[in-house]
Number of protein chains: 2
Amino acid sequence: MRNLKFTVRYNNTDFSGWQTQPGYRTVQETIEKAFGAITLEARVRINCSGRTDAGVHSVGQVFNAFTATQIGAAKLVKALNSKLPEDIAITACEEVSQSFDANSDAVRKLYRYVINDTHIPDPFLRKYAWQTRRILDAARMHRSGQVLLGRHDFRCFETNYPNRLTSIRTITHFAVSRFGECLWIDVEADGFLYNMVRAIAGTLYQIGRGYWPEEYMQTVIDGMDRGIAGPTAPPGGLFLIRVTY
Amino acid sequence: MRNLKFTVRYNNTDFSGWQTQPGYRTVQETIEKAFGAITLEARVRINCSGRTDAGVHSVGQVFNAFTATQIGAAKLVKALNSKLPEDIAITACEEVSQSFDANSDAVRKLYRYVINDTHIPDPFLRKYAWQTRRILDAARMHRSGQVLLGRHDFRCFETNYPNRLTSIRTITHFAVSRFGECLWIDVEADGFLYNMVRAIAGTLYQIGRGYWPEEYMQTVIDGMDRGIAGPTAPPGGLFLIRVTY
């Protein structure tokens, strides 16, 4: 069996997230069906870097799959894209060692949360950005989030803590940038807790609109209490950008 | 009664076009309902520069409406946007003379047709661009379309000719530009025939992929026959950008 590593983009608007759930249209099941239709393998199982929730998009999700097919990588990408619906596109495929596991071998992931902060929201961004109808101070948000960098207990940003063995994670990159009428909140870490980026975005929103002082981010981290952080920002603004192995 | 002129953006993905049709969600009816809810007028009728078909978007559609309300223009924009769904946004409002008619006073309209011409289509553009899965030669398309400029009989690009009194129109601006993985086909004219921009886009596609020679555009115009032009490009790539009065 060959072990293949794929990179995939998907627009999650019309999916119920990644993970297969009976009765719902999911990214995982849609890819597995297309894969099986091409390789004629009865049971294809794909293993991703970490599932994304309903409404959360991807431009750089990675998964691996074991297959007996002898179709070459480039040809397989073409064949899969011709079978896949318009809201999923495989962008890369390569053969990897037998031991490669897209989930447990992921070293870092970069997520981007997009905010469209105009008084008059852009109708074309409604599924791709949080439309706040308020103008936010991007520089203030950028400064306030610098304390997120490094190794911390991030349970303050975890929905339904505890979900995992530990809520300690290391954030290696954090930046808020403005591009015209949109803000990008970029967060790269060795792993994420449930809804962590969306809770960070909601907290930055409160700081960006002036409701909380810039220093409040440290208070949230120190408080270790989800109740004192901001709201969970809506899913449509969140994109998985890159997985590093 | 005041006569108000509005500019409106809409994402037509989830609408059945502009014009009210019983049993369908249309842009016109949605705006009229919001308007009536704010001004408390029983019968509001809005009059646009020209209806757009199902799937065709707008960033600069214009309409006018007569109203007895005394609410100021800026406040009315805010009130309307708070009532309107996320896929419609009023961007401007001003009081105009009693004689202004958004439809018959329109002097020129600029339409933009967007093509995403990568081998691997972008899942986020699927409702906003024609995804050709072929790379097109933008410079060749730009050159071939120069013969469209000026006053011509454009029945070769009209679906179900004849729909209007005359199929003679004047194109005042034509350009094809590349922006990364997208092409913009900009066409400005004193008026458009049914599906005219989409038929021009379909013809340019055949030229851009090398199926027809660059000079074929002149043959199409001279032929005065819809059958020899290219296919009608899908509606989602088309945007009404600007109406000039």
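Keep in mind it's a predicted model, so treat the numbers as computed, not measured.

### Quick look at the overall build of chain A
Secondary structure summary: chain A contains 5 helices and 10 strands in total. Taking 245 residues into account, the globule formula puts the C-alpha radius of gyration at 18 Å, and chain A, at 19 Å, falls close to it. Overall size of chain A, expressed as C-alpha extent along the three principal axes, is 60 × 40 × 30 Å. The buried share of chain A, taken over its 245 residues, is 55%. Considering only residue pairs separated by 6 or more positions, chain A has 71% of its internal contacts joining residues 24 or more positions apart.

### Things to note about the pairing of strand 5 (residues 108-116) of chain B
All names here are of chain B. Burial of strand 5 is extensive: 8 of the 9 residues sit out of reach of the surface. Pairing geometry for strand 5 and strand 10 (residues 238-244), over 6 bridges, is antiparallel. Paired with Arg108 across the two strands is Thr244, which belongs to strand 10. Bridge analysis of strand 5 against strand 9 (residues 182-189) gives 8 bridges, and the strand direction is antiparallel. The residue bridging Val114 from the neighbouring strand is Trp184, located in strand 9. Relative to strand 6 (residues 130-131), strand 5 is paired through 2 bridges, and the arrangement is parallel. Looking at strand 6, one finds that Ile115 is bridged to Trp130.

### Comments concerning the packing of helix 1 (residues 27-39) of chain A against helix 2 (residues 73-83) of chain A
Residues and elements named next belong to chain A. Contact geometry of helix 1 with helix 2 gives a least axis separation of 9 Å together with a crossing angle of 120°. By the angle between their axes, helix 1 is oblique relative to helix 2. Note that helix 1 runs across helix 2; the crossing there is right-handed. The residues of helix 2 that touch helix 1, namely those facing Ala34, Phe35, Ala37 and Ile38, are Leu76, Ala79, Leu80 and Lys83. Classifying every residue of the contact of helix 1 with helix 2 gives 7 nonpolar, no polar and 1 charged.

### Topic: the pattern of salt bridges
Using the criterion set out here, one finds 32 salt bridges over all chains in the structure. Between Asp122 of chain A and Arg9 of chain B there is a salt bridge, with its nearest N and O atoms 3.9 Å apart. Of the two residues, Asp122 of chain A sits in the loop between strand 5 (108-116) and strand 6 (130-131) while Arg9 of chain B sits in strand 1 (residues 2-10), which places them in two different chains. The class for Asp122 of chain A is buried, based on a relative accessible area of 17%. On the basis of relative accessibility, which here comes to 22%, the residue Arg9 of chain B falls in the partly exposed class.

Thresholds applied
Residues numbered from 1 in each chain as written. Chains lettered and ligands numbered in written order. Predicted model: local features only at pLDDT ≥ 70, side-chain atom pairs only at ≥ 80, totals over all residues. Heavy atoms only, no water. Helix = DSSP H or I, 4+ residues; strand = E, 2+ residues; numbered from the N terminus. Rg over C-alpha atoms; globule rule 2.2 N^0.38 Å. Buried < 20%, exposed > 50% of the residue type's maximum accessible area, 1.4 Å probe, protein only. Contact = heavy atoms within 4.5 Å. Pairing = 2+ DSSP bridges. Axes fitted to C-alpha atoms, helices over the stretch in contact; angles between N-to-C directions. Parallel < 35°, antiparallel > 145°, perpendicular 65-115°, else oblique. Left-handed = near helix turned anticlockwise from the far one by under 90°. Nonpolar A, V, L, I, M, F, W, Y, C, P; charged D, E, K, R; others polar. Salt bridge = Lys/Arg side-chain N within 4 Å of Asp/Glu carboxyl O.

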